[in-house]
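Architecture and fold: a report
If you want the building blocks of each chain, they are given just below.
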Amino acid sequence: MADLQSYTTTFNCGRKLIDIDYFAANLYNGLKTDLPPDLIVICLQEIAPLGYSFLGGSLLEPYLARFTEAVALATARKFSGNDAEERYASVMVRNVGMTGIMVFAKHHLAHRVRRVQTGGVGVGQWFEMGNKGAVGVRLGLHTDGSEEETVFTFVSAHLAPFEKNWERRNEDWQSICEGLVFEEVGASHKAARTGHGQTGEREPLLSSTDGAGDASAGQHGIFNPTSHVIFAGDLNYRASDNSPSPGDADTWPQPVDDDTDPRNSSHFFLKDQLTRERSKGDTLHLLDEAPINFPPTYKYSTAAQKHVMAASIITASHKMRDGRTVETTEVRAPAEEVWLWAQHRTPSWCDRILFLEAAPPKNIHAYTALPVQPTSDHRPVVLSCAISSKPAEAQLKPPFEIRKDWRQRRAAARRYEIIIGALAYLGWTWEGEALLAGTVFGVIGGFLVLQALLGSGY
């Protein structure tokens, strides 16, 4: 099997439905080849509003389905979409609370997937719920004409927010290492066939097992057994330890090419917390990152989001052979002449993609940010790379041991998610408010009817 051409995207959706046309038009901006990647991995954070994410199922499906549509549309536009080799099968969709991961593979590669494992953990400040956390997919691919298996691990993560909380983010990383345990699909969760022939997995409302963690659980964490690893997400490390003060925005990065200009983002990156904490050995152990040459990915203002949507729709006139003039509409990201930052957050490289230092990609084609999105204050980040088809052979000592009670902790957190999700759905969504109002009116109406019947002697 040739090297695996992987295309990983991480995106904080801002709890909104993506604009399919816009996302598709820019999805492959980081692809530096004319050939479609073998594997597309989309790591998502804040997929949908809290109630929808915690309850999942049909409430969450429309948000995920839009990414499936965007992948198909982007592929059809860039690679014509006529050849079966240029179409993708959905290998796995998994979420834990508001964090999710979607894996798409070329049809010929999907048939080589021998086994699939998934895992998830919440690291939310309250009861370890999944408003923050990590979810992972591990694929075992066999080599043609051989029984040899190569394992690939992809993790989507969302760590604690705010400038001052870099130590909490370090703790979240530790909690992910201690609680993200991979199990065979179907071992503790029921895998379901969903639309478009894709295999999906959602957390059940209540865990089917509350038994003690397996004594060998340490063999199924992020780093053990050894595999190729891609770790991506809104890691939330900032370029300042404090919230911005009035006047700070005057020194924030802008799209200038002159390296000596203090507004060039390279100067601002020197304050990056993740680089600092990794150099101290306090977080993201055993992982490495390609050089960053893209602008901060957060926090773009509402005005920035509105601007890209308004400026992205381009109408062009085309002269047909029969003399007719036909107008077509295309969606393109506008040129970046200025970065419009939200004033209450320091611009930062929150969204990152790292890989296993002991088994790095053989070739990194691109590590870059996609254009500003009309539906989020984050920019997506992509890593396009070639990963060796040979098994990763490095012997690693995980930085933290798997918790013996990881299963019970996740089951308890899931129960809290159902309660909070139901309350959020009833109180924060129009559907929930309508349902609640209808129930209240129904109860009151039934009570009044019953009183009337009793008063009339029936």
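Presented here is a report on the structure given in the accompanying data block. A quick note: this is a predicted structure, and the numbers were derived from the prediction, not measured. (Residues numbered from 1 in each chain as written. Predicted model: local features only at pLDDT ≥ 70, side-chain atom pairs only at ≥ 80, totals over all residues. Heavy atoms only, no water.)

**What to know about unusual backbone geometry**
Stated precisely, the cut-off is as follows: Helix and strand definitions here come from DSSP, where helices need a minimum of 4 consecutive H or I residues and strands a minimum of 2 consecutive E residues; each element is numbered from the N-terminal end.
In this structure, proline 225 follows asparagine 224 across a cis peptide bond, with omega equal to 5°. Topologically, proline 225 is positioned in the loop between β10 (199–201) and β11 (228–234). A cis amide bond, omega 10°, links tyrosine 298 with the succeeding residue lysine 299. For lysine 299, the position within the fold is in the loop between β12 (287–288) and α8 (302–312). The backbone phi angle of arginine 15 is positive, close to 65°, even though this residue is not glycine. In this structure, arginine 15 sits in the loop between β1 (4–12) and α1 (20–27). Of note in this structure, glutamate 46 is not a glycine but carries a positive phi near 50°. If you trace the backbone, glutamate 46 turns up in the loop between β2 (39–45) and α2 (50–55).

**Section: helix α5 (residues 166–179)**
Test applied: Take the number of residues in a helix, subtract one, and multiply by 1.5 Å to get its expected span. Accessibility here uses a 1.4 Å probe with only protein chains present; expressed as a share of the type maximum, an area under 20% marks a residue as buried, one over 50% as exposed, and anything in between as partly exposed.
The first and last C-alpha atoms of α5 sit 20 Å apart over 14 residues, in line with the 20 Å expected at 1.5 Å per residue. Residues of α5 that are buried: Arg169, Asn170, Asp172, Trp173, Ile176, Cys177, Glu178 and Gly179.

**Thoughts on the packing of α1 against helix α3 (residues 61–79)**
Let me state the cut-off plainly: What counts as an axis is a line fitted to C-alpha atoms, over the stretch in contact for a helix, and the angles between N-to-C directions run from 0 to 180 degrees. To sort the angles, those under 35 degrees are grouped as roughly parallel, those over 145 as roughly antiparallel, those from 65 to 115 as roughly perpendicular, and the leftovers as oblique. Definitions for this section: a left-handed crossing has its near helix turned counterclockwise from the far helix by less than a right angle. A right-handed crossing has that turn clockwise. Working rule for contacts: check all heavy atoms of both residues, and any pair within 4.5 Å makes them a contact. Throughout, the ten residues Ala, Val, Leu, Ile, Met, Phe, Trp, Tyr, Cys and Pro are labelled nonpolar, Asp, Glu, Lys and Arg are labelled charged, and all others, Gly among them, are labelled polar.
At a minimum axis distance of 8 Å, the contact between α1 and α3 shows a crossing angle of 50°. As summarised for this structure, α1 and α3 are arranged oblique, according to the angle between their axes. The interaxial crossing formed by α1 with α3 has right-handed handedness. Counted together, Ile20, Asp21, Phe23, Ala24, Ala25 and Leu27 of α1 and Arg66, Phe67, Glu69, Ala70, Val71, Leu73, Ala74 and Arg77 of α3 form the full contact between these two elements. Partitioned by chemical class, the residues of the contact of α1 with α3 number ten nonpolar, no polar and four charged.

Take it as geometry only, folks, not as evidence of what the structure does.
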